[in-house]
Amino acid sequence: MTSTVPRSRAGERSPVAPGGAAGRRERGRKLSLRIRFRRDRTLILMTLPVVLLLLVFNYIPILGNVVAFQDYDPYLSDNGFIAVFQSPWAGFEQFQRVFEDAEFWHAVQNTLVLFFLQLVLFFPIPIALALLINSVIRPRVRAVAQAIMYLPHFFSWVLVVTVFQQVFGGAGVLAQTLREHGHSGFDIMTDPSAFKYLVTAQMVWKDAGWGVIVFLAALAAVSPDLYEAAAMDGAGRRRRMWHITLPALRPVIALLLVLRVGDALTVGFEQFLLQRQAVGPDASEVLDTYVWWNGIRNQDFSYAAAAGLIKGVVGLTLVLVANKVAHLMGEQGVYEK
């Protein structure tokens with residue numbers, strides 16, 4: 001058998017260009033920054049507005065965390081920005097106040113309880129709905145079902161709470177129907193013991209459709225040949241779902257879990273603030289409402305900045321730890337190793 005390796009004029013083997021990911025990386029190094037900028041200038045211009053928004057609303061405000069180490073008083077100057085330089089330095093005094101506040105730990109407890117409840121009850125529902133819609137053969141039925149589930153995602157929390165009030169409130173449809181048939185009514189909207197389940201149900205109704213779209217996009221990348229080959233080998237619907245569908249969703253599930261763990265201390269603000277008076281602060285107080293109520297509303301800005309900074313550091317740590325666990329499980333996570 002003759003060799004197919006190309007040879008040079010002198011009869012020696014010519015170097016073979018590396019292929020695969022390593023070859024692409026090597027070729028990428030040979031391109032200068034100017035050439036790569038000219039090649040990708042359209043994509044850079046498209047992402048430039050997003051980068052500017054992130055800088056203005058996400059990264060530049062990080063500099064304001066310096067007030068967490070001060071006794072900030074915005075009335076020291078006519079300009080609140082100048083007041084930052086005139087406020088006295090307090091060191092870690094604000095953080096000590098936060099850690100010694102029993103209400104802070106109560107808000108942390110409520111936040112973690114709601115996070116674990118939403119992780120158990122909310123996270124699997126979009127996966128189950130995506131598998132259910134993906135099994136529907138008729139495209140029109142699939143599109144209608146997906147649109148109906150995705151529609152509440154565009155509703156504001158004011159509208160979501162209003163809809164639940166009209167259905168599950170003391171004067172809602174269900175309570176009035178029970179009274180008309182001789183039963184006693186109920187009012188879930190003002191029951192503190194049922195509040196954590198109520199807000200979880202509201203989140204499921206509002207945002208489950210968004211998760212369905214994410215998982216359906218992952219399922220669309222699965223080759224139909226895999227299902228056909230498995231069916232020819234005698235695999236039933238359950239086996240095909242267990243050995244083909246769920247492994248295809250595993251990277252997306254791992255990514256969303258990492259992001260969800262990073263938001264463990266962010267379970268919502270507007271949703272809880274709207275229902276605070278109905279159930280009381282003991283049931284509805286979470287970290288976001290705690291920072292707003294005890295810091296912003298009372299104009300104790302340094303205290304609020306310290307509590308918010310603690311929350312941000314803990315969230316970043318959780319993302320890094322969860323991403324490391326995803327790497328150990330063989331998944332990419334938020335970023336590669």
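Note that the structure is a prediction, hence the values are computed from the model and not measured.

Scoring rules and cut-offs
The residue numbers shown here count from 1 along each chain, following its written sequence. Restriction of local features to residues with pLDDT of at least 70 applies here, the model being predicted, together with a cutoff of 80 or more for giving and counting side-chain atom pairs; totals for whole chains, interfaces and linings are based on all residues. Calculated side-chain values reflect all of the structure's heavy atoms, with hydrogen atoms and water omitted. Runs of E in the DSSP output that reach at least two residues are strands. Runs of H or I that reach at least four are helices, and both are numbered from the N terminus. Both definitions apply: the radius of gyration is a C-alpha atom measure, and the globule rule equals 2.2 Å times residues to the power 0.38. Buried means the residue's accessible area, taken with a 1.4 Å probe over protein chains only, is under 20% of the maximum for its type, while exposed means over 50%, and partly exposed covers the values in between. Here, residues are in contact when the closest pair of their heavy atoms is within 4.5 Å. Multiplying 1.5 Å by the helix residue count minus one yields the expected span of that helix. Axes are fitted to the seven residues ending at a residue and to the seven starting at it; the angle between these axes is taken as the bend at that residue. The predictor attaches a confidence to each residue, called pLDDT, with possible values from 0 through 100. Salt bridge, as applied in this entry: a Lys or Arg side-chain nitrogen positioned within 4 Å of an Asp or Glu carboxyl oxygen. Note on definitions: angles span 0 to 180 degrees between N-to-C directions of axes, and those axes are lines fitted to C-alpha atoms, for helices only across the stretch in contact. Each angle is binned into one of four classes, with values under 35 degrees roughly parallel, values over 145 roughly antiparallel, values of 65 to 115 roughly perpendicular, and all other values oblique. Left-handed is the label given to a crossing in which the near helix is rotated counterclockwise from the far helix by less than a right angle, and right-handed is the label when the rotation is clockwise. Just so you know the grouping, Ala, Val, Leu, Ile, Met, Phe, Trp, Tyr, Cys and Pro go in nonpolar, Asp, Glu, Lys and Arg go in charged, and all remaining residues, Gly too, go in polar. In this analysis, rings of Phe, Tyr and Trp, with Trp reduced to its six-membered ring, are considered paired at centre separations within 6.5 Å, and the interplanar angle assigns stacked below 30 degrees, edge-to-face beyond 60, and tilted for intermediate values. Two thresholds decide whether a charge sits over a ring: the Lys NZ or Arg CZ must be within 6 Å of the ring centre and within 35 degrees of the ring normal. By construction, the arc corresponds to the directions joining the helix axis to the C-beta atoms.

> Looking at this model, I keep getting lost on the overall build of the chain. Mind explaining?
Per the secondary structure count, the chain includes 18 helices and zero strands. The C-alpha atoms of the chain give 27 Å as radius of gyration, which overshoots the globular expectation for 337 residues (20 Å, by more than 25%). Dimensions along the principal axes, computed over C-alpha positions, put the chain at roughly 85 × 65 × 35 Å. Each of the 337 residues in the chain was classed as buried or not, and the buried ones make up 32%. In the chain, of all internal contacts separated by at least 6 residues, the share reaching a separation of at least 24 is 61%.

> Sorry if this is basic, but what is going on with unusual backbone geometry here?
Leave glycine aside and you will find that most residues have negative phi; peptide bonds, for their part, are mostly trans. Not every positive phi belongs to a glycine, and Q299 is a case in point at roughly 60°. Note that Q299 resides in the loop between helix 17 (287-296) and helix 18 (301-328).

> How should helix 3 (residues 41-59) be read in this particular structure?
Within an α-helix, residues lying three or four positions from one another point in the same direction, as the helix has 3.6 residues per turn. Between its first and last C-alpha atoms helix 3 spans 24 Å; for 19 residues at 1.5 Å apiece the expected length is 27 Å, and the helix comes up short by more than 12%. At T47, helix 3 shows its largest kink, close to 40°, and the proline P49 lies no more than four residues downstream.

> Sorry, what's going on with the confidence of the model for the chain here?
Should the pLDDT be low somewhere, the predicted coordinates at that spot are not to be read in detail. Mean pLDDT over the chain works out to 83, with 90% of the residues at or above the 70 mark. Least confident of the elements in the chain is helix 1 (residues 20-30), whose mean pLDDT is 53; most confident is helix 3, at 92. Confidence drops under pLDDT 50 across residues 1-18; counting only partners more than four residues distant or on other chains, this segment forms ten contacts.

> Where do I start with the pattern of salt bridges in this structure?
Close approach of charged atoms allows side chains of opposite charge to pair. This structure, assessed with the given rule, holds five salt bridges. Here D300 makes a salt bridge to R97, at a shortest N to O gap of 2.8 Å. Taken together, the residues D300 in the loop between helix 17 and helix 18 and R97 in helix 5 (residues 93-99) connect sequence positions 203 residues apart. E285 is paired through a salt bridge with R276; the nearest N and O atoms lie 2.7 Å apart. Take R276: its relative accessible area is 9%, and that puts it in the buried class.

> Honestly, the side chain of Q94 in this entry has me stumped. Any pointers?
Tracing the backbone shows Q94 in helix 5. Assessed through its relative accessible area of 2%, Q94 is described here as buried. Aside from chain neighbours lying at most four places away, what touches Q94 is A68, Q70, D71, S302, Y303 and A306.

> I'm lost on the packing of helix 6 (residues 102-121) against helix 13 (residues 237-262) in this one. Help?
Where helix 6 meets helix 13, the closest approach of the two axes is 11 Å, and the angle between their N-to-C directions is 165°. Taken together, the axes of helix 6 and helix 13 lie roughly antiparallel to each other. Along this stretch, helix 6 crosses helix 13, giving a crossing that reads as right-handed. Seen from helix 6, the contacting residues are F115, Q118 and L119; seen from helix 13, they are L257, R260 and V261. Residues that form the contact of helix 6 with helix 13 fall into these classes: four nonpolar, one polar and one charged.

> It is not clear to me how the packing of aromatic side chains should be interpreted in this structure. Could you clarify?
Geometry of an aromatic ring pair is reported as the spacing of the ring centres plus the angle between the planes. Taken as a whole, this structure holds 20 aromatic pairs when the rule is applied. Considering the side-chain rings of F269 and W292, the 6.3 Å spacing of their centres and the 65° angle between planes classify their relative orientation as edge-to-face. A residue pair is termed long-range when its members are at least 10 positions apart, and F269 in the loop between helix 13 and helix 14 (270-274) and W292 in helix 17 qualify at 23 residues. Here the aromatic cluster, defined as three or more aromatic residues joined through ring pairs, consists of F99, F104, W105, Y290 and Y303. Positioned above the aromatic ring of W157 is the side chain of K206, whose terminal nitrogen or guanidinium carbon lies 5.2 Å from the ring centre. Across the ring face of W293, the terminal group of R297 is positioned such that the distance to the ring centre comes to 4.2 Å.

> Help me out: how do you make sense of helix 9 (residues 157-168) in this one?
A rise of 1.5 Å per residue sets the reference length of helix 9, with its twelve residues, at 16 Å; its end C-alpha atoms lie 16 Å apart and thus fit the reference within 8%. For helix 9, the complete set of buried residues consists of W157, V160, V161 and F164. Taken down its axis, helix 9 places every buried residue within 95° of arc, on the same side. Looking at the buried side of helix 9, the elements it contacts are helix 11 (195-220) and helix 14.

> What is the right way to read the packing of helix 7 (residues 124-134) against helix 8 (residues 139-150) from this model?
Packed helices, taken two at a time, are described by the angle between their axes plus the distance between the axes. As a packed pair, helix 7 and helix 8 sit with axes 10 Å apart at the nearest point and diverge in direction by 160°. On the basis of their axis angle, the class for helix 7 and helix 8 is roughly antiparallel. Once helix 7 is placed against helix 8, the crossing between them reads as right-handed. Here helix 7 contributes L129, I133 and N134 to the contact with helix 8, which in turn contributes R142, Q146 and M149. Here the contact of helix 7 with helix 8 is built from residues that sort into three nonpolar, two polar and one charged.

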